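Descriptive analysis of the structure
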Amino acid sequence: MQRRALLGGLVSFGLGLSGQAQRPSNLEKAAAYSAQHRGIALLVMVEGKVVWEDYPNGGHPERPHELASGTKSFSGLMAVAAAQDGLLALDEPVAQTLSEWRDDPLRSAITIRQLLQLVSGLPGGRLGRPPTYAEAVQTPAAAPPGSRFSYGPIPFQVFGELMRRKLGGDPLAYLAVSYTHLRAH
């Protein structure tokens, strides 16, 4: 339920849904559009309450689905929330948390900002097949930090492991709590 609430909440927060957008006819149109474009879930929340949900094309509220490129948006939100909470600084070296990187001449210089901007020097990795956090952390740098852009899942998986270690737990749970805190202010 936390994942559904988080995703729906972020969508409704990001869209700034007005009363007019919440009309059933407009929500039906949004659901039809989503279904026509292979959407599998549409969840709209207003002030923490579900006002509309639809799961076409084999979607289901309890079935997880990889976010793929959506990961970038959630990673950015998590990084900003963690910086505001004092858990990290965007320009701190990743090796400050990932101790196995400290003796590597290239990876020891990578900052969290470079990691999330995809200019860390790490290869992006294979699209559609993200490595595990452990596999991503083991990936050697292919270039000096800041020298080239490389798109893919590896940097975000490394960030996921960094957050897991900083939190001592699940980054998704932190993101859900951060969203709730954001809504309160």
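Throughout this description, residue numbers start from 1 for each chain and increase along the sequence as written. With the structure being a predicted model, the display of local features is reserved for residues of pLDDT at least 70 and the display and counting of side-chain atom pairs for 80 or more, all residues being used for whole-chain, interface and lining totals. With hydrogens and water excluded, all non-hydrogen atoms of the structure serve as input to the side-chain values.

Right, let's get into the overall build of the chain. From N to C terminus, the chain includes seven helices and two strands. Secondary structure elements follow DSSP: runs of H or I no shorter than four residues count as helices, runs of E no shorter than two count as strands, and numbering proceeds from the N terminus. Seen in sequence order, the chain has helices and strands lined up from the N terminus as α-α-β-β-α-α-α-α-α. Note on contacts: a residue pair is in contact if any heavy atoms of the two residues lie within 4.5 Å. Partitioning the intrachain contacts of the chain with sequence separation of at least 6 by distance along the chain shows that 61% fall at a separation of at least 24. Split by element, the accessible area of the chain, about 10,600 Å² in all, is 55% carbon and sulfur. The Shrake-Rupley method, run with a 1.4 Å probe sphere, supplies the accessible areas, and residue values consider only the shown protein chains as cover.

What follows deals with the pattern of salt bridges. By definition, a salt bridge exists where a carboxyl oxygen of Asp or Glu is found within 4 Å of a side-chain nitrogen of Lys or Arg. Evaluated as defined, the whole model comprises six salt bridges. Across the pair Lys166 and Glu92 runs a salt bridge, and its minimum N-O distance is 3.0 Å. Of this pair, Lys166 sits in helix 6 (residues 154-167) while Glu92 sits in the loop between helix 3 (70-84) and helix 4 (112-116); the two residues are 74 residues apart in sequence, bridging distant segments of the chain. What makes Glu92 buried here is its relative accessible area of 9%. Notably, a salt bridge pairs Glu100 with Arg165, separated by 2.8 Å at the nearest N-O pair. Type-normalised accessible area, obtained with a 1.4 Å probe on protein chains alone, sets the label of each residue: buried when under 20%, exposed when over 50%, and partly exposed for intermediate values.

Turning our attention to the nonpolar core. In these notes, a set of buried Ala, Val, Leu, Ile, Met, Phe, Trp, Tyr and Cys residues joined through side-chain atoms within 4.5 Å is what counts as a nonpolar core. In terms of nonpolar packing, the biggest core is built from 27 residues, with Val94, Trp101, Leu122, Val158, Phe159 and Met163 touching the most fellow members. Here this core gets six residues from one element, more than from any other, and that element is helix 6. Beyond its immediate stretch of four places on either side in the chain, Val158 contacts Val94, Leu98, Trp101, Leu115, Leu122, Ala136 and Val137.

Bringing the pairing of strand 2 (residues 49-54) into the picture now. Note: strand 1 (residues 42-46) against strand 2, five bridges, orientation antiparallel. For Leu43, the partnering residue across the bridge sits in strand 2 and is Glu53. If DSSP finds at least two bridges between two strands, the strands pair. Adjacent in sequence and paired antiparallel, strand 1 and strand 2 are bridged by two residues, among which Glu47 carries a positive phi angle near 50°.

Turning our attention to the confidence of the model for the chain. Values of pLDDT, ranging from 0 to 100, describe the predictor's confidence in every residue of the model. In this model, the chain carries a mean pLDDT of 84, and residues with pLDDT of at least 70 account for 82%. Note on residues 1-17: pLDDT under 50 across the span, and 33 contacts to partners over four residues away in sequence or across chains.

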